Each structure stands twice: as C-alpha cells, then as structure tokens.
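Observations on the model geometry
For reference, the chains in residue letters:
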There are 2 protein chains.
Amino acid sequence: MNNFNLHTPTRILFGKGSLAELRDQIPADARVLITYGGGSVIKTGVLGQVKEALKGFDVLEFGGIEPNPSYETLMKAVEIARKENVTFLLAVGGGSVLDGTKFIAAAAHYPQDIDPWNILLTRGNDVKSAIPMGSVLTLPATGSESNKGAVVSRRSTGDKQAFMSDFVQPVFAVLDPVYTYTLPPKQVANGVVDAFVHTIEQYLTYPVNAKVQDRFAEGILLTLIEDGPKALKDPENYDVRANVMWAATMALNGLIGAGVPQDWATHMLGHELTAMHGLDHAQTLAVVLPSLMNEKRKEKHAKLLQYAERVWNITSGSEEERIDAAIEATRNFFEKMGTATRLSAYGLDGSSIPALLVKLEEKGMTTLGEHQDITLDVSRRIYEAAR
Amino acid sequence: MNNFNLHTPTRILFGKGSLAELRDQIPADARVLITYGGGSVIKTGVLGQVKEALKGFDVLEFGGIEPNPSYETLMKAVEIARKENVTFLLAVGGGSVLDGTKFIAAAAHYPQDIDPWNILLTRGNDVKSAIPMGSVLTLPATGSESNKGAVVSRRSTGDKQAFMSDFVQPVFAVLDPVYTYTLPPKQVANGVVDAFVHTIEQYLTYPVNAKVQDRFAEGILLTLIEDGPKALKDPENYDVRANVMWAATMALNGLIGAGVPQDWATHMLGHELTAMHGLDHAQTLAVVLPSLMNEKRKEKHAKLLQYAERVWNITSGSEEERIDAAIEATRNFFEKMGTATRLSAYGLDGSSIPALLVKLEEKGMTTLGEHQDITLDVSRRIYEAAR
C-alpha cells in the first residue's frame, strides 16, 4: 500500500426528506447565494423546496450555470457574491453546478487585482480562502459534492481546466434519491458510467496489495452493475436510486483512491472528444475505456484478471481469454446502459484523431496513465481502436 | 437503505514515516499534552520519535492511562490540562489511550462545578466544547482514532460507560503500520477480532438493500480473514500490517454503519464478561458471537446466507447447512487467531451466568440487538451455548 493523506470532511445528509436538516447546516446569520443550472430544479420543484427549507434565511439566487460551467457565466455570480457580501453558497443541482459554485467560492475571495482564471492556471494552489459552501444534489455522477475538485471551461479560448483546493470542499451534501426520479434516462446512464469509470481509474492499474481499497472499489463497481440498469427500467425504485447515488459519491470522495496508483488517462483522452465533438463526458469514457483496457492489457494484466474474477465472475479460460471477456463485459455494460462505446456510433470516423493528438500535445499530455507510458502514439492507437 | 447523517472529518495520515507530517497538523502556538499508556511507547521508542517530531512545540506529558481507562487516572490529566491551559491533546497509543484522551478533552472544558463523570451519565449529550485532539496510533483495533465514541471505567463503583460527542472526534490520526510490528501476538489477535466483530455488528442484521455498505463490510471482513493470520505469522510484513490497520479504522469510523441496522448485542454481552471475569474485550466477542449467530439464525437468516456466500464462499448444502458452516468458519477464524471461543477455555463453567444476567438487568439491557428482541432469556441461552 502506498502512503496517503485522506480527508473526507463533507457531512452527508442522506435519504428521503433529508432536506429537512438543511437549515441546521448553515449559520443562521448567513447571507446565502443559491446557485443552480438551466432551470430543471425549478420545473421539478426542488428549488422551491430548498427555498421553503431556508425560510427566515437571507437568500439570493443565481441560475443559469450551464453543463461544463463557463468562466464567463460564473464571473457574473462572483460579482454578485462580492457586491452582496455573500457568506454561504448553496449549490442545487449536479456536478456542473457544484463545480461552478466551487469556482465562485474561491474567486469571490481571490485578490481583486488578479483575474480569477488564474485559479485554474495555478490548479488551485494559491487559493487561500473561499466562501463556505454546501449542496443539494440532484444528479449522482461526478462525486463533486464531497471532494475538493472542480472543472471550469472558458468559452472565449476553448479552454477546460481543473483545480483543487481544500477551501472549496463542501461543508455538507444533501443527497435525497427521490430527487433523481425525474432525471432523463440519458443523464442517469451518464451518471452511472461516470461513477463506474471514476472507480476504474483508481482501481485498474497495478497491484500494491491494498486490499481494503480494492474490495471497496469492487463493491462500488458491483453495485453500479447490479443497480445501474434497474435505475433505467424502474426509475422510482427508491433503493436502486439510493444505491446508485451513494456509489457515485463513494467513487470519488478520495477514499478508494487513497494509497493506490491512479490512471486517469481515459478521462484525459475523453476530455478532448468532448471539447472537439461535443460528446457527453460519460459517452467519451465509454468509448475510450474498453479500447484503453485492451491497449494496456500487459501493464494492467494482474488487475484485469482480478477485475474479471471479482467483478464479472469470469474464472474459466486462459488468462488472455478472461481479460478479453472482462473487457467485453465492460463494453456490454455501457451499451446496456444505452451509452454507445464506438466513435462510429456518434457519427465519427476517426478522421479527427490527428487533430485530437495535437490537442493532447498542446496541453502537455504526452505521457499519461499510472506508469506515464501512454505516449501520443499509444493514445493514437487507443483512439483508433475505438472507432 | 435507511436515512443517515455521516461525518468522517478525521484526517488520516497513513503509512511508513507519516509521523513527519505531525507538526503540520497542530497549531504552532499550541500547548500540547501528550497522553500515553503503560510505557510500551517508551520502550518501542515511539514516544521519543513523537517528541522529536514536535521539537519547538510547547509539550507536556501524561503517562499511565491503563487498559479500560479509569476516571480516577484520567481526572489527574484533566487537572493538569486545566492548570496548564493545555490547548491540544495528542494521544499516543491504542484504543484505551484514545478513549481516555477523549474524556480528558471533554472534561477539561466541562463546567468546573459539575463532576465530569456526568459526561458519561449523559452519554456525552451535554458536551459543548473540548480540547482539540489528534493521535499517533500504535494498536489497530477499536477505530477510536477516527470516531467520536469513548468508553471509560470508574474503579470505585465498577462502572463502565460510553459517551459520544462530535467535539471529541480527533482532528487527525497518524497511522504508521511499522509501529505495530512490536505488538505482542495476543494484542494483534485481539485487534483483528475486535475489528471483525465491529464490522459484523453493523452488517449481520437484516437486509435493507444497502449494497455499497454490504460490499464494504464484506471487503473489511475478507481483508481481516486473509491478512489477520499473516500478521501473526509474519509480523514485519508491511502490507499485511497496513491492510489490518486500515481495515480496523474503516470498521468503525461510521461509514459501513451509515444507513443500515446495527446489532451490538455481542458487545453488550461481552462487556459483562470483561467486567466480571477480566477477559480481554476481544476474547469476550469471540466467545459470544458464534453463539449469538446460532441463537439468532432465524432473524439473521438472509444476512447469514449472504455472509456465508460472499465472505466464506460457502455455496453448497441446504440453507441451514450453509449457515452452520458460516458460523463454524467464524469460530475457526477466531481460533486460528489464537482467540478461544468457549467460556471453558477461559476456565469458566457457566456458573456465573445468572449473575451476568443480573448485571445486564441492572443496566437496563433487557432487550438487545437490531430487533431489540434479545431478552434476558435469550441472553441466557447465548451465554449457555457459549460454555
């Protein structure tokens, strides 16, 4: 096992009706800015319930945070937060609202003579303070509700950057599975695939004999495999929604990644597909992962066999056959969730691969993965085999 | 899945040499009181390393906290903490030192006109403040390093009581598996058995379809089963020690118990055996658990079958045969750890069972377990079958 420093301080308020505990989590004298996205929380009534739950609090609102939240939009909220002396941010929505609100939190306290985009350029290292924040989550997927990371895009330059800071770790997260009943099936599928691949990025590398972490990761994968498809078939099955929601949070709060190597190449190759072709984040992961597993089957050999046996119960055949079967099972699972796993399914013939590689090179992503051995040439092969 | 409110804020500094990060966890201007037990941390050199790591800090020491820490001893430390205006407590040792230090932390800030024993009588509910604390753990077992509970005994009255408070949740825990190399085999075994039964108390009840929690619990059990015996055979195997240590912490930090029913009857019946006959805590658990599993086989039927299959890989035979085999496997595991599972092995013939039941009744423990259906008569049967 590798050494680690793990901190998971976000309080989780989980279950049907847990919004009732919201008002105890925010200082009574706080000036609260509620942030949300494109308005689905208005339609579903969740925003109304949140405001009702905060009756008596001093509350402002900022809506319109888009998927892949933009610097341009978020800076409007930063201005409000500064002008209105906001002292608490409450994100109501999914990962994009969460990530955007983390940027607002850090930017509002950032030195006024420096452009807050610098927070992204410095990866959050120079963030020294932020407005405290919490969330009411409506879309289980990214894990952003209980970690310190965020991804923000800049429309004017086409940039998409991540930052991390202890100061933007949410104080609490209200997770009510009922709020996920009304999600469109595609978003449910995207969430399940996203959480699945988050887990794989921290699990499917090379063994370091970290038994608890491996078992926990396998437990999350098994839960998503069992209950992901059920969430599509039976949208109002509470336990199914609860298991998917909790699995997604546990997949990226730091726990399963503590003390083990991590990969994240699938995410990096996927980001470029989103940037260039507008595929959903989870769709890109479903395309890249099976191809990457096959390309790195030698380096990931031991873990692929463990994954085959413990997650897919594949125990017969030669080692290479078992690995083939595990990769195929992974692909079939994504397809079963309705998420296509080939570039061709998204109308892409692979002709943009050279351009994708140029983008990777521009960002310095010339060596990726747990061994930093996914060179541009390897990335090319991964993209090509995903056509 | 049941609703839950989960907060796991203790920062974990895990791994060989992680003591180097200690000084960054404590305010530079703190007045630190280091607490420890009977002196094994002096012999092993850990205390010296801790003091070296805190060079430049204002440091006091208090040693002599005994196993099953006593109010009488701890009050001496409370007096020092108050008189010396201690602002940070650092527990160096195992669960008893941790628990004792939690009491010191709360008692030092307790109203001076009330006897701090009242903290136990009120189960910690009226604790409104405490000295912040952290720990350097030397014995993985109780999980106290990252939870808010503590058990304190009062020698003068023979009382043993627990309390819980958010205010005594440690800020950090330094977990260096190397510190456990020198533990006597009996303490290693006790720790593994203790962590195993902590997990069982939160797992082996009735199904609420909490898949992540079940898988995590099973992962901890599997890890202890695989690496517990190895820790005895090969004391300086770092990964084995690391896995046991991390499993023990994860077994009782709140995570696997969130959103599921809990039992704890094995602990309650065990406590009386410790109080009356001086058996080690883990020895009492090893005695009571197999007997309790058998007695409650009907109520725990579904979970016993799941436990048989997923933890012990028992899949053939009738349901009752599989349950028998799982109970037997549990007993064999404890015996393999060197922890006897029959009262007779500790020289007890069962003649004290009526007296044990009187003690349970005196404490109001007339209904125990996840269904509160372990009456005194059921407790009697559990004790009797454990002879």
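Residues numbered from 1 in each chain as written. Chains lettered and ligands numbered in written order. Predicted model: local features only at pLDDT ≥ 70, side-chain atom pairs only at ≥ 80, totals over all residues. Heavy atoms only, no water.

Observations regarding the overall build of chain A
Under the convention used in this document: By the criteria applied, helices consist of DSSP H or I runs no shorter than four residues and strands consist of E runs no shorter than two, each listed in order from the N terminus. Each radius of gyration reported is based on C-alpha atoms, and the globular scaling rule is 2.2 Å times the count of residues to the power 0.38. Each residue is assigned to one of three classes by its accessible area relative to the maximum for its type, calculated with a 1.4 Å probe on protein chains only: buried under 20%, partly exposed between the two thresholds, exposed over 50%.
Of the regular secondary structure elements, chain A holds 14 helices and eight strands. For 387 residues, the compact-globule estimate of 2.2 N^0.38 gives 21 Å, and the C-alpha radius of gyration of chain A, at 21 Å, lies within 12% of that figure. Taken along its principal axes, the extent of the C-alpha atoms in chain A is 65 × 45 × 45 Å. Taken across its 387 residues, chain A has 60% of its residues classed as buried.

Focus on empty space enclosed by the protein
Rules: Cavity and pocket criteria rest on a 1 Å grid covering protein atoms alone: a 1.4 Å probe that fits but cannot get out defines a cavity, protein on both sides within 12 Å along at least 5 of 7 lines defines an open pocket, and an atom within 4 Å of a point defines a lining residue. Grid points are joined across faces, edges and corners, and a volume is the space filled by probe spheres set on the points. Each residue gets one label: Ala, Val, Leu, Ile, Met, Phe, Trp, Tyr, Cys and Pro are nonpolar, Asp, Glu, Lys and Arg are charged, and the others, such as Gly, are polar.
Summed over the entire model, instances satisfying the criterion amount to four cavities of 30 Å³ or more. Lining the largest cavity are 24 residues, and of these Thr8(A), Asn253(A), Leu255(A), Thr8(B) and Asn253(B) lie nearest its centre. Those elements giving two or more residues to the lining of the largest cavity turn out to be β1 (4-14) and α8 (238-251) of chain A together with β1 (4-14) and α8 (238-251) of chain B. Looking at the lining of the largest cavity residue by residue, the classes come out as twelve nonpolar, twelve polar and no charged.

As for the environment of Asp239(B)
This is how the line gets drawn: In what follows, residue pairs with any heavy atoms lying within 4.5 Å of each other are defined as contacts.
Considering the arrangement of structural elements, one finds Asp239(B) in helix α8. Separated by 61 residues in sequence, Asp239(B) and Val178(B) place their C-alpha atoms 9.8 Å apart. The contact partners of Asp239(B), leaving out residues within four places of it in the chain, are Met1(A), Val208(A), Asn209(A) and Asp227(B).

As for the nonpolar core
Rule in force here: Throughout, nonpolar core names a set of buried Ala, Val, Leu, Ile, Met, Phe, Trp, Tyr and Cys residues whose side chains join them through atoms within 4.5 Å.
Formed by 188 residues in total, the largest nonpolar core has its most connected members in Trp246(A), Tyr307(A), Trp246(B) and Tyr307(B). When near neighbours in sequence (up to four residues on either side) are disregarded, Tyr307(B) contacts Phe196(B), Ile200(B), Tyr203(B), Leu204(B), Leu221(B), Met293(B), Trp312(B), Ala326(B) and Thr330(B).

Here we look at the pattern of salt bridges
Note the following rule: Here a salt bridge means any side-chain nitrogen of Lys or Arg lying within 4 Å of a carboxyl oxygen belonging to Asp or Glu.
Applying the stated criterion across every chain yields a total of 54 salt bridges over all chains. Between Lys211(A) and Glu226(B) there is a salt bridge, with its nearest N and O atoms 2.8 Å apart. Here Lys211(A) is found in helix α7 (residues 211-233), whereas its partner Glu226(B) is found in helix α7 (residues 211-233) on a different chain. According to the relative accessible area criterion, Lys211(A) is buried, its value standing at 15%. A relative accessible area of 28% means that Glu226(B) is categorised as partly exposed. For Asp263(A), the salt bridge goes to Lys300(A), with nearest N and O atoms at 2.7 Å. Of this pair, Asp263(A) sits in the loop between α8 and α9 (265-277) while Lys300(A) sits in the loop between α10 (281-295) and α11 (301-312), placing them 37 residues apart in sequence. You can call Asp263(A) buried: its relative accessible area is 8%.

Describing the domain arrangement of chain A
Residues and elements named next belong to chain A. Just so we agree on the cut-off: Where each domain begins and ends follows an automated or database-derived domain assignment. Buried area counts how much accessible surface, traced with a 1.4 Å probe, disappears from two parts once they are put together, with both parts' losses summed. For the purposes of these results, a polar contact is taken to be a pair of N or O atoms within 3.5 Å, where, inside protein, one atom must be able to donate a hydrogen and its partner to accept one; residues adjacent in sequence count only when each atom of the pair is a side-chain atom.
For chain A, the domain assignment lists domain 1 (11-179) and domain 2 (185-386). For domain 1 versus domain 2, the distance between C-alpha centres works out to 27 Å. In this complex, domain 1 contributes 19 residues to the contact, which on the side of domain 2 involves 17 residues. Both faces combined, the contact of domain 1 with domain 2 buries some 1,500 Å², and carbon together with sulfur accounts for 66% of it. At the boundary of domain 1 with domain 2, the tally comes to zero salt bridges. In this structure, the connection of domain 1 to domain 2 is made through three residue pairs in polar contact (both at pLDDT 80 or more). Of the residues assigned to the side of domain 1 that touches domain 2, the class counts are nine nonpolar, six polar and four charged.

Things to note about the interface of chain B and chain A
With 40 residues of chain B in contact, the opposing surface of chain A contributes 40 residues. Both faces combined, the contact of chain B with chain A buries some 3,700 Å², and carbon together with sulfur accounts for 50% of it. Counting across the interface, chain B meets chain A through eight salt bridges. At the surface where chain B touches chain A, the tally comes to 27 residue pairs in polar contact (both at pLDDT 80 or more). Residue assignment for the side of chain B that touches chain A shows that the elements contributing at least two residues are β1, α7 and α8 of chain B.

A word on the UniProt feature "domain: Alcohol dehydrogenase iron-type/glycerol dehydrogenase GldA" (unreviewed entry) in chain A
So the rule is basically this: UniProt positions are given in the numbering used here, feature names are shortened, and annotations may be inferred rather than shown by experiment.
Using the residue numbers shown here, the UniProt feature "domain: Alcohol dehydrogenase iron-type/glycerol dehydrogenase GldA" (unreviewed entry) corresponds to residues 9-177 of chain A. The straight-line gap between the two end C-alpha atoms of residues 9-177 of chain A is 21 Å; of that span, 26% is helix and 25% is strand.

Overview of the side chain of Lys102(A)
All names here are of chain A. We apply this condition: Residues counted as positive are Lys and Arg, residues counted as negative are Asp and Glu, and His and the chain ends are not counted.
Here Lys 102 shows up in helix α4 (residues 95-108). Buried and without a salt bridge, Lys 102 has Asp 99 as its closest oppositely charged side chain, separated by 4.6 Å. Among the polar contacts made by the side chain of Lys 102, one reaches the main-chain carbonyl oxygen of Ser 144 at a distance of 2.8 Å.

A look at the sheet that holds strand β2 (residues 31-35) of chain A
Note the cut-off: When DSSP finds two or more bridges between two strands, those strands count as paired. Helix axes use the C-alpha atoms of the stretch in contact, all axes being lines fitted to C-alpha atoms, and the angles between their N-to-C directions lie in the range 0 to 180 degrees.
Here twelve strands make up an open sheet; going across it, the order is β3(A)-β2(A)-β4(A)-β5(A)-β8(A)-β1(A)-β1(B)-β8(B)-β5(B)-β4(B)-β2(B)-β3(B) and the pairing mixed. The sheet terminates laterally at β3 (58-62) of chain A together with β3 (58-62) of chain B, the two strands that pair on one side only. Taken pair by pair, the neighbouring strands of this sheet meet at an average axis angle of 25 degrees, ignoring direction. Relative to strand β8 (residues 172-175) of chain B, β1(B) is paired through four bridges, and the arrangement is parallel. Bridging from a neighbouring strand, Arg11(B) pairs with Phe172(B) of β8(B).

Looking at the pairing of β1(B)
The buried fraction of β1(B) amounts to nine of the eleven residues, a majority that puts the element mostly inside the structure. One ladder, built from seven bridges, connects β1(A) with β1(B); its direction is antiparallel. Paired with Thr8(A) across the bridge in β1(B) is Thr8(B).

Describing the relation of the copies chain B and chain A
We apply this condition: The copies were overlaid with a least-squares fit restricted to C-alpha atoms from residues scoring a pLDDT of at least 70 in each copy.
Its rotation angle being 180 degrees, the transformation that places chain B on chain A also includes 0.0 Å of axial translation and leaves an RMSD of 0.0 Å. The operation mapping one copy onto its partner corresponds to a two-fold rotation axis. Of the C-alpha atoms belonging to chain B, the one lying closest to the rotation axis is found on Pro9(B), 2.0 Å away.

A few points about the UniProt feature "domain: Fe-containing alcohol dehydrogenase-like C-terminal" (unreviewed entry) in chain A
Summarizing the sequence annotation, UniProt attributes the feature "domain: Fe-containing alcohol dehydrogenase-like C-terminal" (unreviewed entry) to residues 189-356 of chain A in the numbering used throughout. Annotation note: span residues 189-356 of chain A, helix share 68%, strand share 0%, distance between end C-alpha atoms 25 Å.

Observations regarding helix α14 (residues 376-385) of chain B
Just so we agree on the cut-off: Note that the arc is computed from the directions linking the helix axis to the C-beta atoms.
Turning to α14(B), its buried residues number three or more, namely Leu376(B), Val378(B), Ser379(B), Ile382(B) and Tyr383(B). Relative to the axis of α14(B), the buried residues are bounded by an arc of 155 degrees and lie together on one face.

Re the pairing of strand β6 (residues 149-154) of chain B
Walk down a regular strand and you will see the side chains alternate between the two sheet faces. Residues and elements named next belong to chain B. Taking burial as the measure, the six residues of β6 include five buried ones, the bulk of the element. Here β6 runs beside strand β7 (residues 159-164); their pairing, made up of six bridges, is antiparallel. Across the sheet, the residue bridging to Val 152 is Gln 161, located in β7. What sits between β6 and β7 in their antiparallel hairpin is a turn of four residues, with Gly 158 showing a positive phi close to 70 degrees.

Quick notes on the packing of aromatic side chains
Test applied: Between the rings of Phe, Tyr and Trp (Trp by its six-membered ring), a pair exists once the centres lie within 6.5 Å; its type follows the angle of the planes, with under 30 degrees stacked, over 60 edge-to-face, and the other angles tilted. When the NZ atom of lysine or the CZ atom of arginine is within 6 Å of a ring's centre and also within 35 degrees of its normal, the charge is said to sit over that ring.
All told, the structure shown has 25 aromatic pairs over all chains when counted by the stated rule. Aromatic side chains Phe196(B) and Phe333(B) sit 5.1 Å apart centroid to centroid with 40 degrees between the ring planes, which places their arrangement in the tilted category. Of this pair, Phe196(B) sits in helix α6 (residues 185-203) while Phe333(B) sits in helix α12 (residues 319-336), and the two are 137 residues apart along the sequence. Comparing Phe196(B) with Phe333(B) shows no difference in burial state: the two are buried. One aromatic cluster is present, formed by Phe196(A), Tyr203(A), Tyr307(A), Trp312(A), Phe333(A) and Phe334(A) through successive ring pairs. In this structure, Arg154(A) packs its charged tip against the face of Tyr71(A), placed 4.1 Å from the ring centre.

Considering the environment of Val311(B)
Topologically, Val311(B) is positioned in helix α11 (residues 301-312). In this structure the C-alpha to C-alpha distance between Val311(B) and Glu218(B), which are 93 residues apart in sequence, comes to 6.2 Å.

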